[in-house]
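Structure assessment
Listed below, chain by chain, are the residues.
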Amino acid sequence: MLKNLYRRLTAILLLILAFCATVFIGQETVISIATIIILLIELGTSYLLLKKREKLQMVLLSAIVTEGLFLLTEEFWLLALSILLLIVAGVWRGLFGQAVRRKVTAFMMGRKVLFSIAVLFVSALWILGIYAKPITKPVALEVDVTATIDEHRLDSSAAMLKNIEVMNSFGSRTTGSEGHNKFIAWLEQQVTDMGLTVYRDQYTFDRWEEKNSSLVIDQQPIHVSSAFPYSGETDEKGVTGELVYTKRGDYEQASGKIAVVEIENFKDFPIGIVMNMRDSSPKQNKIAPSEGDLVLTTALKEAKLEQAKEMGVKAVILVWKGVSDDKVEKQYVPFTTDYAGIPAVWVNETEGQKVISAANEHKEGTVILEADEQKNAPTESFYVKIEGKRKDEAIIINTHTDGINVVEENGAVGMLSMIRYLQQEQPERTMIFAFVTGHFRLPEFKGTSQATSTWMEGHRELWDGENGHMKAVAGITVEHLGSMEWKDDDTGHYGPTGRISTEYTYAGNEMMAAIWQKAVEQRGDARTVILRGHNKFEFGESQPLFEAGIPLLGFIPMPDYLLTDSENREMDKFDVKLMHSQIVSLLKAVKLVDGTETGKLGVSDGYSFFYGRIR
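Residues numbered from 1 in each chain as written. Predicted model: local features only at pLDDT ≥ 70, side-chain atom pairs only at ≥ 80, totals over all residues. Heavy atoms only, no water.

**What about the overall build of the protein chain?**
Note the cut-off: The numbering of helices and of strands both runs from the N terminus, where a helix is a DSSP run of H or I of at least 4 residues and a strand a run of E of at least 2. Restricting the calculation to C-alpha atoms gives the radius of gyration, and the globule rule supplies 2.2 Å times the number of residues raised to the power 0.38. Throughout, exposure labels follow a simple rule: accessible area from a 1.4 Å probe, protein chains only, divided by the maximum for the residue type, with under 20% read as buried, over 50% as exposed, and the rest as partly exposed. The contact criterion used is simple: two residues touch if any of their non-hydrogen atoms lie within 4.5 Å. Method for areas: the Shrake-Rupley scheme with a 1.4 Å probe, in which residue coverage is limited to the protein chains shown. Under the convention used here, Asp and Glu are negative, Lys and Arg are positive, and both His and the chain ends fall outside the count. Charge placement uses NZ in Lys and CZ in Arg. For Asp and Glu, CG and CD serve respectively.
The helix and strand inventory of the protein chain stands at 18 helices and 17 strands. Taking 615 residues into account, the globule formula puts the C-alpha radius of gyration at 25 Å, and the protein chain, at 28 Å, falls close to it. The dimensions of the protein chain, computed from C-alpha atoms along their principal axes, are 80 × 70 × 50 Å. Classification of the 615 residues of the protein chain by burial places 57% in the buried group. Contacts in the protein chain between residues far apart in sequence, at least 24 positions, make up 84% of those at least 6 positions apart. Just so you have it, the protein chain exposes about 26400 Å², and 55% of that area is on carbon and sulfur atoms. Of the charged side chains in the protein chain, 65 are positive and 81 negative, and the gap between their average positions amounts to 11 Å.

Okay, structure coming up:
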């Protein structure tokens, strides 16, 4: 009986080792060492103590050898083989290695069925792991490969700040808004003044924009931290009804009433689910805690407003929990949902406790959410070109033009400085600068992933290399320049940390990662974390380039105030000298890419899967 128990536990342990080796990217070395130790113990136990001589021992010995070779070479196929051997050993030990009993009980059959399901599950993950190939080998550039930028020929920090101030003068620039349209017109005039031809793509969509929002309970105003974008609208009198505290999605009891829903912020979200780290510069840098928490919270804890509308709910009040009042103020979240047709507003945790108490007492409240609606609102993307010596190859440099504050989105302003600099001498390859619209209305513009995919689909002649088209050999995405870090501290106070925001940079493959490392190596203020697209996530407008197989660099810091639509446009959190330094790095990357042979640039690796490396 003890022998059978030992065998069953060993079979489960072998599957657990196979599972961990498959799922936890970046931990392969630790898991391999642990696997070798455990397999040696298993061999010693079965061979020396139990005096068993069986063919399975050869499988375990092969797994030990394979794991050892993997530790020496870091070849992915050796890791895949060792995982397969662990699965085979687990099946052998769990299903075929026990004494046959004359009487088969329902418990025994159930146990075998569950074990078989576990084997199939781990095997499916192993097959997916082979497809994803999460392990890539770093590439080192030649020592003499350099790129220098003559900063006397580049826009000064003062000139960049002047352009930033012009951008801010247009106010909030949500997709298709008056401020956005004015910003696009100004950008187009800037590149026209540089002597470049502007190629426009015009679109229409149904636009929604908040004019006024408020909440009143017992004739007392409750502060609204922000409106829920594209939720719905009321007239100036609003809607009045009994407040009902409920869970998101459980709106039946709030029919004909106003639902109050608490949304707890993801403070400690397992970030390895959406990020996989390739490298960092300097080496001690790692993914910052709680990064992008409000965006992730509103995406993963969806309010399900459509269900509320179907249930006849009059309005929805969403209450933040577990995040400071200052941090949630004026947050334009979520910005990725369809129009819901029901008014919804956010309140901070302090005000939210008043709302929840009122709902528990079945009091009445009034929600007002007035909005401008415009059918077939116009908006446009545009691009310009700097002709290269080679007409058949292109480098795409892109960003989006819609945004709400100084960092979201100032990539277009940065690209103006890049264009002015790169114009001064003809590049090897044609440079295509794409300024796209629709990032703040992704339900209508995202195409396959982000707004740039809509632009790409309309201009395959610029990148797909088919039927005489140009071939995009690389892409560089510019977003969120000059961002300083602000965080909630342990006491719940929201303020500056004194550091720059982590400079997340997606690299399509190891060559592009090496190019970015070279581009930032002289920067004393760098705080770079290089990422790989992971589990179908790649934040920002680099994703369409990545999914098209174009090797890319997607520069996208993600400060906590990224979606804050404040009056001062978050200028107190912006550093123009940092922006200037980041533009220098981006220009170096462009020049390094332009000077690299096409074959060496390669193609994007594709997404990695499972739980990513986070340090």
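Alright, that's what it looks like, and here's the rest.
**Overview of a nonpolar patch on the surface**
Short version of the rule: Each patch groups residues whose relative accessible area exceeds 30% and which form no salt bridge, using 9 Å between like charges and 5 Å between nonpolar side chains of Val, Leu, Ile, Met, Phe, Trp and Tyr. Salt bridges, as used here, are contacts in which a Lys or Arg side-chain nitrogen is within 4 Å of a carboxyl oxygen on Asp or Glu.
The grouping of Met-58, Leu-61, Val-65, Leu-69 and Leu-72 at the surface amounts to a nonpolar patch, some 510 Å² of accessible area in total. Mapped onto the elements of the fold, Leu-61 is located in helix H3 (residues 56-73).

**Quick word on the side chain of Thr-297**
Note the cut-off: For the purposes of these results, a polar contact is taken to be a pair of N or O atoms within 3.5 Å, where, inside protein, one atom must be able to donate a hydrogen and its partner to accept one; residues adjacent in sequence count only when each atom of the pair is a side-chain atom.
Take Thr-297: it is sitting in helix H8 (residues 293-300). Here the side chain of Thr-297 touches Phe-266 through a polar contact of 2.9 Å, landing on its backbone nitrogen. Here Thr-297 is in contact with Ile-263, Glu-264, Asn-265, Phe-266 and Trp-320, once residues within four sequence places are set aside.

**What about the pattern of salt bridges?**
One pass over the full model with this rule turns up 38 salt bridges. In this structure, Arg-390 engages Glu-393 in a salt bridge whose closest nitrogen and oxygen atoms are separated by 3.2 Å. With a relative accessible area of 33%, Arg-390 lands in the partly exposed category. A relative accessible area of 8% places Glu-393 in the buried class. The salt bridge partner of Glu-485 is Arg-527, with a shortest N-O separation of 3.0 Å. Of this pair, Glu-485 sits in strand S13 (residues 484-488) while Arg-527 sits in the loop between helix H15 (510-520) and strand S16 (528-532), and the two are 42 residues apart along the sequence. Exposure class is identical for Glu-485 and Arg-527. Each is buried. Here the salt bridges share partners, and the residues they tie into one network are Glu-291, Asp-293, Lys-327, Lys-487 and Asp-560.

**With respect to the pairing of strand S4 (residues 239-246)**
Rules: Note on pairing: DSSP must find at least two bridges between two strands before they are called paired.
For S4 and strand S9 (residues 364-386), the ladder comprises four bridges, and the chain directions are antiparallel. Across the sheet, Gly-241 pairs through a bridge with Gly-365, a residue of S9. Sheet topology note: the S4/strand S5 (residues 258-264) ladder contains four bridges and is parallel. The residue of S5 that forms the bridge with Thr-246 is Val-261.

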